[in-house]
2 protein chains.
Amino acid sequence: MTSTDDQIPLVFRYGLHRVRDAVRVLPQAAWSVESNPALCDGQDYELLLDVERLNIDAASFRQMEEAARATGGDVDAGVRKQILDTVDKRGKMHNPVTGSGGMLLGRVRHIGNKLSPSHHALRPGDRVATLVSLSLTPLQIERILSVNLHAHQVSIIGSAILFDSGCYARLPPTLPESVALSALDVAGAAPQVARLCHDPRASKRVRRVLVLGAGGKSGLLVGAAARKAGAEVVVGIESFAKAASEAAALGIYDRILPADAADALAIADLACADGGEYDLVISCVSAPRAEMAAILCCRQGGTIYFFSMATSFTAAALGAEGVSRDIDMLIGNGYCLGHADETLQLLQEHTPLRELFVRRYG
Amino acid sequence: MTSTDDQIPLVFRYGLHRVRDAVRVLPQAAWSVESNPALCDGQDYELLLDVERLNIDAASFRQMEEAARATGGDVDAGVRKQILDTVDKRGKMHNPVTGSGGMLLGRVRHIGNKLSPSHHALRPGDRVATLVSLSLTPLQIERILSVNLHAHQVSIIGSAILFDSGCYARLPPTLPESVALSALDVAGAAPQVARLCHDPRASKRVRRVLVLGAGGKSGLLVGAAARKAGAEVVVGIESFAKAASEAAALGIYDRILPADAADALAIADLACADGGEYDLVISCVSAPRAEMAAILCCRQGGTIYFFSMATSFTAAALGAEGVSRDIDMLIGNGYCLGHADETLQLLQEHTPLRELFVRRYG
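The rules we used
- Residues numbered from 1 in each chain as written.
- Chains lettered and ligands numbered in written order.
- Predicted model: local features only at pLDDT ≥ 70, side-chain atom pairs only at ≥ 80, totals over all residues.
- Heavy atoms only, no water.
- Pairing = 2+ DSSP bridges.
- Helix = DSSP H or I, 4+ residues; strand = E, 2+ residues; numbered from the N terminus.
- Axes fitted to C-alpha atoms, helices over the stretch in contact; angles between N-to-C directions.
- Contact = heavy atoms within 4.5 Å.
- Parallel < 35°, antiparallel > 145°, perpendicular 65-115°, else oblique.
- Left-handed = near helix turned anticlockwise from the far one by under 90°.
- Nonpolar A, V, L, I, M, F, W, Y, C, P; charged D, E, K, R; others polar.
- Least-squares fit on C-alpha atoms with pLDDT ≥ 70 in both.
- Buried < 20%, exposed > 50% of the residue type's maximum accessible area, 1.4 Å probe, protein only.
- Arc of directions from axis to C-beta.
- Buried area = accessible area lost by both parts, 1.4 Å probe.
- Salt bridge = Lys/Arg side-chain N within 4 Å of Asp/Glu carboxyl O.
- Polar contact = N/O pair within 3.5 Å; in protein donor to acceptor, adjacent residues only side chain to side chain.

**Some remarks on the sheet that holds strand β4 (residues 139–148) of chain B**
Hydrogen bonds between backbone atoms are what pair the strands of a sheet, whose relative direction is either parallel or antiparallel.
Residue and element names in this part refer to chain B.
Now for step 1: Taken in spatial order, the 6 strands line up as β4-β5-β1-β2-β3-β6 in an open sheet, and their pairing is antiparallel. The open sheet has two edge strands with one neighbour each: β4 and β6 (168–170). Averaged over neighbouring strand pairs, the angle between their axes works out to 30° when direction is ignored.
Now for step 2: Alignment of strand β1 (residues 47–56) against strand β2 (residues 102–111), held across 9 bridges, turns out to be antiparallel. Across the sheet, residue Val51 finds its bridge partner in β2, namely Gly106.
Now for step 3: Against the sheet, helix α4 (residues 177–185) makes contact with β1, β2, β3 (127–130), β5 (153–162) and β6, and its axis sits at roughly 85° relative to β1, the strand it touches most.

Shown next, in the form of structure tokens:
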């Protein structure tokens, strides 16, 4: 018994009935899942969606862009091809290189009659954004309509399946839906950073916060969350000039420093020169090898929150040990209670941030 | 400035001067390092050791054993060959598949005169165990003398280099040195679990603890640490029958359940049937795909401590999101303040545990 919804068999609750290639493995761990809505028992336990748009995880999208560029072809076409290939082979948009997914926007087509009561508030036709990863969401793509390279969003015609353990949010009427989708894709980040900033333990007091990848979507949200939570100093690192200047204009950061997060020593020199190390370091860098920069900038006894899917577990674990740094390192959980509402509210409250999101992702 | 030892240039402090193939990358992140003591500037900032024994990380050793078995050859010879190959190519025992290392036992040959004052308590001839990973320790192997498949230890003649940021411990006179080495290899685990059990926040109160991989080295130590810290219920999961019965005899666990941690659903059924989910789940499973078992067994608001180097960052992050579990997930840091002394003391205090360590690793 691992749930209060005791009436639902765990196999259906977590979607193991759709796992194609292995037994007793959950859909995220499985290589592939059956994505044809009709080809499976257990439809009574499923929520079926007509999909309109995918919001691809930043690490995944960046990897596909780079792979497309490496072949010398058109980036748009290369990304399309990789998405179709992956979904065709795996039955889900689960990037085989980065291991990450993203989320989607769709319209409810069918609500299984054995789903938990909470799901029965939905009606066919309701528009929802999923809050579980595409890496475990059975997905069929009939056609890709367009790719937005800037927003990492892909308009499609297709269908997807949510399990009873899944999670979704209705879109707010006050934001363009592509903007809401962008924010909800990283909904776990800001609320968890707010919690870390409010840790009541004296040893965990958070005065100084450093954000790596400060100008990206999750970076901006966690920076705003840290500021709202009362952090005294919030410094950002951002290697892309445009993102850096956009972030600098928001009033969130005390300063934005231009540097490549893979260059740990340069970051430590730059970021710690004025005031020393940080109580809380948040890594939102969508490229590999940012672990050591985070570690070197974190004070003894401080905390690192690794939100980026490009984070390597061993690089973090062994990296901290290698420089004898006694710090707490948290894996960025995509879910926490109330995360969707809290993230959307952050955008509502912060006009310059919201306006930047609308310009970028609208 | 990232250190109180301001007089030591960061390049030497962290060992970047020995990185062979890249610039401005730390030794752990580098593909290879220069391991010949004579072939590098910066020897004044280095501690040179004559190496007697390697203690290979469990995930790494297991991977090499399985690779050796897969070729159908002798396991002992296969492991030797892989160790020599890796050290030859990378200049460090940094398993290219698992990304993990281990630690070593050696005798001080030379103490660089520009090292921080703390290192000058050492004398040539002192025997020390390193407390930084082999994945960042320049290592030359002249000869492998023997492989202990059971203890994951390898007797060698060779040399290694420690940097100023490195850490080591003298061996206690009261324990066989191979036993002390085994315990020190996972020195970070037990002290950090003790801290988690003592978290003063009401929402983080730890009454029920689950240990995955409960019969292994780190599993036994964290089980004992949780018990000592006052956990009311400590349950273990262990798939190997011998390790399970040995663990069951120690008086640490309330019960040991036999199951494969890759089978998340079976574990959730078994472990949570009597008393529900756990406040703290610790994963010490040296094989991949144990993340979901840990997640499904952790209560909302609880904590998972991932100590195993076989943990996948994305599987944990997306797995928790995928089942909407609001939990804190910590990356097992190999270092924390006082970890060596605290771990050795745990062994000293717990006679049955110490005796098992002596039987197994002595």
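Read on, since the account is not over.
**What about the packing of helix α2 (residues 58–70) of chain B against helix α3 (residues 75–90) of chain B?**
Residues and elements named next belong to chain B.
Now for step 1: The geometry of α2 relative to α3 is characterised by a closest axis approach of 8 Å and an angle of 120° between their N-to-C directions. As the angle between them shows, α2 and α3 are arranged oblique. Judged by the sense of rotation from one axis to the other, the crossing of α2 with α3 is right-handed. Together, Phe61, Gln63, Met64, Glu65, Ala67, Ala68 and Arg69 of α2 and Val75, Gly78, Val79, Gln82 and Ile83 of α3 make up the contact between the two elements.
Now for step 2: Split by residue class, the contact of α2 with α3 holds 7 nonpolar, 3 polar and 2 charged.

**Looking at the relation of the copies chain A and chain B**
Both copies of the chain are related by one operation, a rotation about an axis with a shift along it.
Now for step 1: Of the transformation placing chain A onto chain B, the axial shift is 0.0 Å and the rotation is 180°, giving an RMSD of 0.0 Å. In the structure described here, the two chain copies are related by an operation that fits a two-fold rotation axis. Of the C-alpha atoms belonging to chain A, the one lying closest to the rotation axis is found on Leu330 of chain A, 2.3 Å away.
Now for step 2: Comparing contact sets, 100% of the residues at the interface of chain A also lie at the interface in chain B, consistent with an isologous, same-surface contact.

**Describing the packing of helix α5 (residues 189–197) of chain A against helix α6 (residues 217–228) of chain A**
All names here are of chain A.
Now for step 1: Their axes nearest at 8 Å, the elements α5 and α6 cross at an angle of 30°. Between α5 and α6, the angle falls in the class roughly parallel. For the crossing formed where α5 meets α6, the hand is right-handed. Of the residues in α6, those touching α5 at Ala189, Ala190, Val193 and Cys197 are Leu221, Val222, Ala225 and Ala226.
Now for step 2: Grouping the amino acids of the contact of α5 with α6 by side-chain chemistry returns 8 nonpolar, no polar and no charged.

**Topic: helix α11 (residues 339–349) of chain B**
All names here are of chain B.
Now for step 1: His339, Ala340, Thr343, Leu344, Leu346 and Leu347 are the residues of α11 that are buried. Projected down its long axis, α11 shows its buried positions confined to an angular sector of 150°, all on one face.
Now for step 2: Of the surrounding secondary structure, the elements contacted by the buried residues of α11 are β6, α4, α5 (189–197), α6 (217–228) and α12 (351–361).

**Regarding the interface of chain A and chain B**
Reports often express the size of an interface as the amount of accessible area lost when the parts come together.
Now for step 1: Taken together, the contact pairs 65 residues of chain A with 65 residues of chain B.
Now for step 2: Taken together, both faces of the contact between chain A and chain B bury some 5700 Å²; the carbon and sulfur share is 61%.
Now for step 3: It is Leu265, Phe313 and Ile331 of chain A that lose the most area in chain A upon contact with chain B, and together they represent 14% of the buried surface on that side.
Now for step 4: The shortest N-O distance in the salt bridge between Asp199 of chain A and Arg201 of chain B comes to 3.2 Å.
Now for step 5: Scanning the region where chain A abuts chain B turns up 19 residue pairs in polar contact (both at pLDDT 80 or more).
Now for step 6: The set of elements that each furnish at least two residues to the side of chain A that touches chain B consists of α1 (10–13), α8 (264–272), α9 (291–296), α10 (313–322) and β12 (328–331) of chain A.
Now for step 7: By residue number, the principal contributor to the side of chain A that touches chain B is α10 of chain A, which donates 9 residues.
Now for step 8: Of the residues in the side of chain A that touches chain B, the class split is 35 nonpolar, 19 polar and 11 charged.

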